Amino acid sequence: MAPSIQELYHDFVGNDVPNAKHRRSSSSFDPNDISINARPCDLGRVSGLIDDIASYNWGDIDFSQDRNARISLLSKARSLIAALETPRETLLRHIGAETSNFYTIVIGIETNLFHEMAKDNGSPKTATRLAEAISFDPDLLRRILRHLASMNHIIQTGEDEYRPNNFSKALTTSPIAGSYQFYRNICLPSMINLHKWLKTKSYQSPTTTIDNPFTFGHQTSQTFFEVIGSTAKNTEHFNDHMVAYCQGQPAWCSNSVYPAADRLISGFDASPQPDGSDPVMLVDIGGNVGHDLQTFVSHYPSHPGRLVLQDLPSVIAVAPPSLTSPLPNGKYVQLQEHDFFTPQPVVGARAYYLHHIMHDWPDDKCVSILSQIKKAMKPGYSRLLINEQVIPEKKASWEATYLDLYMMVLFGARERTEKEWLRLLEDGCGLKVLGMYGPGGGVEGIIECEVALEE
Ligand SMILES: C[S@@+](CC[C@H](N)C(=O)[O-])C[C@H]1O[C@@H](n2cnc3c(N)ncnc32)[C@H](O)[C@@H]1O
């Protein structure tokens, strides 16, 4: 019987394991035999992967709606490519095609190439016409377009003629374009120095925000967030990336991740605060420009209580005006400048929410941040919600593993496994973990905590 999509999806979370019948016994390996470089990387998996893909009727699926099916097929297709490619081809794709890909995309963003391509509803345009529009050497642009087409980022419609696809159209949006700039300016200069930094430190993990591949690569004594806040462009590109990263992910407060109606709204104490003000439902600490609060509002438009967005002054200053317009329940999101290493000004809220905060900081700094929140939490009522990866011990997704490495490089920090979370939250901070919610498979989940009561 054909496997269900759910079975395929869960199977995907990691590497697909083809049936044993498709495995071939590995012949003995001779490192001097360079002919290995021209043979498929994992031929033994190829027919199993083809069978896996063929065993389900993908044609019936609406991939724009069914995320699990799309991710499952994507994973199998990627595994098939990796198995079929030879080491030579993988090498050239990594070091040649993808590095030039990245920088030609950056050039296209900076010169408005993709905006020009998207004009007139994305109709096909010649390299000459595009070069004229963006004041570019036509011969050079032709070479760049040829490469982008060979990498499937644009479509060649004729000799010297191209049109954009959905990816190249998305390169005109600020979340995607800004993310490329963020990686070019901030992340890659850090990652390309990882090997040098590790060598000077005898291959020990970075554990501080002030001495890591980021500070080494940028030759700075400033931390990542100090550099991000130091220019309007850096702030803008970083904020763009936070938006891009979160797009298309299951909503954090939906039933498929965290059932906020049951866990937060039910049990909310609507009595006024001692100063007569409305009690607070949710404080998004380090909430950037407020996208997670907007998600909450769109799921629970008539929620009771106030919403508060906290971040550094440079970020609060650029929160979109739409955030402070009246909510469907007639209330407003309150914007508050706040440094999370200082005492939490909102006391006794129903929930304190941290998304992508803990993974930016080494354990000792996480303990400092959490101790400020813990002091403001009302025992038995307030909940701390941490929205992050919980890396499984086996079959971790690339979406979690690459992020873990970037957190190490940029902050001397990490993504955490379930055991690491429990050690940090319960042993390190005196919190009690009530539950870990979410679908896994590289999708972040919610770790729900409350103040542990003294025995
Ligand atoms: C990785 S971003 C996460 C943003 C948002 N929570 C999200 O998931 O999209 C980290 C956020 O923490 C903020 N931040 C960094 N240091 C901070 C501090 N000391 N106090 C308050 N916010 C801070 C940054 O400005 C940034 O918006």
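Residues numbered from 1 in each chain as written. Predicted model: local features only at pLDDT ≥ 70, side-chain atom pairs only at ≥ 80, totals over all residues. Heavy atoms only, no water.

Per an unreviewed UniProt entry, the protein chain goes by the name O-methyltransferase C-terminal domain-containing protein and belongs to Neurospora tetrasperma.

Enquirer: Before we go on, may I ask you to explain the overall build of the protein chain in this structure?
Expert: Regarding its fold elements, the protein chain presents 19 helices and 12 strands. Relative to its length of 455 residues, the protein chain is compact, with a C-alpha radius of gyration of 25 Å against a globular reference of 23 Å. The buried share among the 455 residues of the protein chain stands at 46%. With the model as given, the accessible surface of the protein chain reaches about 22500 Å², and the carbon-plus-sulfur share is 54%. Of the charged side chains in the protein chain, 40 are positive and 53 negative; the average position of the first set lies 3 Å away from that of the second. (Helix = DSSP H or I, 4+ residues; strand = E, 2+ residues; numbered from the N terminus. Rg over C-alpha atoms; globule rule 2.2 N^0.38 Å. Buried < 20%, exposed > 50% of the residue type's maximum accessible area, 1.4 Å probe, protein only. Areas by Shrake-Rupley, 256 points an atom, 1.4 Å probe, with all protein chains shown as cover. Lys, Arg positive; Asp, Glu negative; His and termini not counted. Charge placed at Lys NZ, Arg CZ, Asp CG, Glu CD.)

Enquirer: Help me understand the sheet that holds strand β7 (residues 351–355) in this model?
Expert: Backbone-to-backbone hydrogen bonds pair the strands of a sheet. The strands run either parallel or antiparallel. Reading across the sheet, the 7 strands line up as β6-β5-β4-β7-β8-β12-β11 and stay open at both edges, with mixed pairing between neighbours. Strand pairing shows two members of the sheet lacking a second neighbour, β6 (333–337) and β11 (431–437), which therefore form its edges. Here the average twist between neighbouring strands, direction ignored, is 20°. (Pairing = 2+ DSSP bridges. Axes fitted to C-alpha atoms, helices over the stretch in contact; angles between N-to-C directions.)

Enquirer: How should the nonpolar core be read in this particular structure?
Expert: As a rule of thumb, nonpolar side chains are buried together in soluble globular proteins. Residues Leu113, Met117, Leu141, Leu145, Phe182, Phe224 and Leu410 are the most contacted members of the largest nonpolar core, which totals 46 residues. Leu410 has contacts with Ile186, Cys187, Ser190, Asn212, Phe214 and Phe224, leaving out every residue within four places of it along the chain. Ranked by size, the runner-up nonpolar core spans 29 residues in total, among them Val346, Leu354, Leu424 and Leu425. (Core = buried A, V, L, I, M, F, W, Y, C linked by side-chain atoms within 4.5 Å. Contact = heavy atoms within 4.5 Å.)

Enquirer: How should I be thinking about the sheet that holds strand β3 (residues 161–164) in this particular structure?
Expert: Across the sheet, which stays open at both edges, the 3 strands sit in the order β1-β3-β2 with antiparallel pairing between neighbours. A strand with exactly one partner marks an edge of an open sheet, and here the two such strands are β1 (125–126) and β2 (154–158). One ladder, built from 2 bridges, connects β1 with β3; its direction is antiparallel. Bridged to Lys125 within β3 is Tyr162. Sitting on the sheet, helix α5 (residues 113–122) touches β1, β2 and β3, and the angle it makes with β3 is about 80°.

Enquirer: Hey, could you run me through the packing of helix α4 (residues 87–110) against helix α7 (residues 138–150) in this one?
Expert: Angle between the axes and distance between the axes are the two parameters that describe a pair of packed helices. Orientation of α4 relative to α7, taken along the N-to-C sense of each, is 120°, at an axis distance of 10 Å. Taken together, the axis directions place α4 and α7 in an arrangement best described as oblique. Helix-helix and strand crossings are classified by hand; for α4 and α7 the assignment is left-handed. In contact with Ala97, Ser100, Asn101, Thr104 and Ile105 of α4, α7 contributes Ile144, His147 and Leu148. Looking at the contact of α4 with α7 residue by residue, the class counts come to 4 nonpolar, 4 polar and no charged. (Parallel < 35°, antiparallel > 145°, perpendicular 65-115°, else oblique. Left-handed = near helix turned anticlockwise from the far one by under 90°. Nonpolar A, V, L, I, M, F, W, Y, C, P; charged D, E, K, R; others polar.)

Enquirer: Teacher, can you tell me more about unusual backbone geometry here?
Expert: In terms of backbone geometry, most residues other than glycine have negative phi values and most peptide bonds are trans. If you check the backbone angles, Asn152 has positive phi at about 70° while not being a glycine. Residue placement: Asn152 occurs in the loop between α7 and β2. One non-glycine residue, Gln219, adopts positive backbone phi at about 45°. Looking at the element boundaries, Gln219 is found in the loop between α11 (213–217) and α12 (224–230). For Gln219, a relative accessible area of 67% translates into the label exposed.

Enquirer: Where do I start with helix α18 (residues 398–411) in this structure?
Expert: Because each turn of an α-helix spans 3.6 residues, side chains separated by three or four positions end up pointing in the same direction. The end-to-end C-alpha distance of α18, which contains 14 residues, comes to 19 Å, matching closely the 20 Å that a straight helix rising 1.5 Å per residue would cover. Within α18, the full set of buried residues consists of Ala400, Leu403, Tyr406, Met407, Met408, Val409, Leu410 and Phe411. Residues of α18 that are buried make contact with α9 (174–191), α10 (194–200), α11, α12, α13 (232–246) and β9 (390–391). The distance from a side-chain oxygen at the start of α18 to the backbone nitrogen of Glu399 is 2.9 Å, and the residue carrying that oxygen is Ser397. (Expected span 1.5 Å × (residues − 1). Polar contact = N/O pair within 3.5 Å; in protein donor to acceptor, adjacent residues only side chain to side chain.)

Enquirer: Can you walk me through the domain arrangement of the protein chain in this structure?
Expert: When the parts of a complex come together, some accessible area is lost, and that lost area is often taken as the interface size. Entries for the protein chain in the domain assignment read domain 1 (5–85), domain 2 (111–170), domain 3 (174–244) and domain 4 (252–451). Look at where the C-alpha atoms of domain 2 and domain 4 centre, and you get two points 42 Å apart. (Domains from an automatic or database assignment.)

Enquirer: Mind showing me how you'd approach the packing of helix α6 (residues 127–134) against α7 here?
Expert: Relative to each other, α6 and α7 sit at 115°, their axes nearing to 9 Å. Of the two possible hands of crossing, α6 and α7 adopt the one that is right-handed. Of α7, the residues touching α6 (which contributes Ala127, Thr128, Leu130, Ala131 and Ile134) are Pro138, Leu141, Arg142 and Leu145. Grouping the amino acids of the contact of α6 with α7 by side-chain chemistry returns 7 nonpolar, 1 polar and 1 charged.

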